[in-house]
Amino acid sequence: GTPNAPPTKGHERAGGGTLLGIKVLGAFLGDVGWCSAQLVKRVRIALEPLDGIIQLRDAPSLDIAQQAQHCLMRYCSNTTLVYFLRTMPPSMTIEAAQEHNRLLAPAFP
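It should be emphasised that the depicted structure is a prediction, and the values quoted were computed from it without experimental measurement. (Residues numbered from 1 in each chain as written. Predicted model: local features only at pLDDT ≥ 70, side-chain atom pairs only at ≥ 80, totals over all residues. Heavy atoms only, no water.)

1. Focus: the overall build of the protein chain
- A tally of regular secondary structure across the protein chain gives five helices and four strands.
- N-terminal to C-terminal, the α/β element order of the protein chain is β-β-β-β-α-α-α-α-α.
- Buried residues in the protein chain amount to 28% of all 109 residues.
- Sequence-distant contacts, at least 24 apart, represent 50% of the contacts inside the protein chain between residues at least 6 apart.
- For the protein chain, the accessible surface area stands at approximately 7400 Å², while carbon and sulfur atoms represent 58% of it. (Helix = DSSP H or I, 4+ residues; strand = E, 2+ residues; numbered from the N terminus. Buried < 20%, exposed > 50% of the residue type's maximum accessible area, 1.4 Å probe, protein only. Contact = heavy atoms within 4.5 Å. Areas by Shrake-Rupley, 256 points an atom, 1.4 Å probe, with all protein chains shown as cover.)

Structural data, given as structure tokens:
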């Protein structure tokens with residue numbers, strides 16, 4: 001919003017008529033708390049398939065489940081935050097990084 005065109009009250013990004021943040025080229029800009037919460041939510045959604053990866057088991061004739069798990073973790077799960085760590089300040093990414101580590105911990109017993 002602008003002074004002449006404030007955001008609609010009740011909108012999910014409007015806190016009492018103030019725009020808390022926006023998404024620009026995939027990165028969140030604005031209030032630190034709002035940006036951090038949005039990024040944490042995105043990390044949780046991105047890592048939802050992690051439970052399925054952890055449950056991969058070897059087949060009777062194939063013995064590659066652990067290798068597949070590590071490949072998926074390395075090239076998919078571990079890279080979910082890289083863009084945001086490069087485009088957003090640490091004050092906005094620290095909670096998401098901690099959540100990312102918490103969600104990945106069970107995959108590496």
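From this point, the discussion proceeds with the structure in view.
2. With respect to unusual backbone geometry
- Located in the positive-phi region is Leu-25, a residue other than glycine, with phi close to 50°.
- Considering the arrangement of structural elements, one finds Leu-25 in the loop between strand 3 (21-24) and strand 4 (27-30).

3. Some words on the pattern of salt bridges
- In the structure shown here, the tally under the stated rule is two salt bridges.
- Here Glu-99 and Arg-44 are joined by a salt bridge, their closest N and O atoms 3.0 Å apart. Of this pair, Glu-99 sits in helix 5 (residues 90-104) while Arg-44 sits in helix 1 (residues 32-46), and the two are 55 residues apart along the sequence.
- Its relative accessible area of 9% is what places Glu-99 among the buried residues.
- Salt-bridge contacts for Glu-99 lead to Arg-102; the nearest nitrogen and oxygen are separated by 2.7 Å. Of this pair, Glu-99 and Arg-102 both sit in helix 5, separated by three residues, roughly a single helical turn.
- Where salt bridges share partners, they join Arg-44, Glu-99 and Arg-102 into one cluster. (Salt bridge = Lys/Arg side-chain N within 4 Å of Asp/Glu carboxyl O.)

4. Here we look at the pairing of strand 4
- Note: strand 3 against strand 4, four bridges, orientation antiparallel. Pairing of Ile-22 across the sheet is with Leu-29, part of strand 4.
- Where strand 3 folds back on strand 4, the antiparallel hairpin that results is connected by two residues, among which Leu-25 adopts a positive phi of roughly 50°. (Pairing = 2+ DSSP bridges.)

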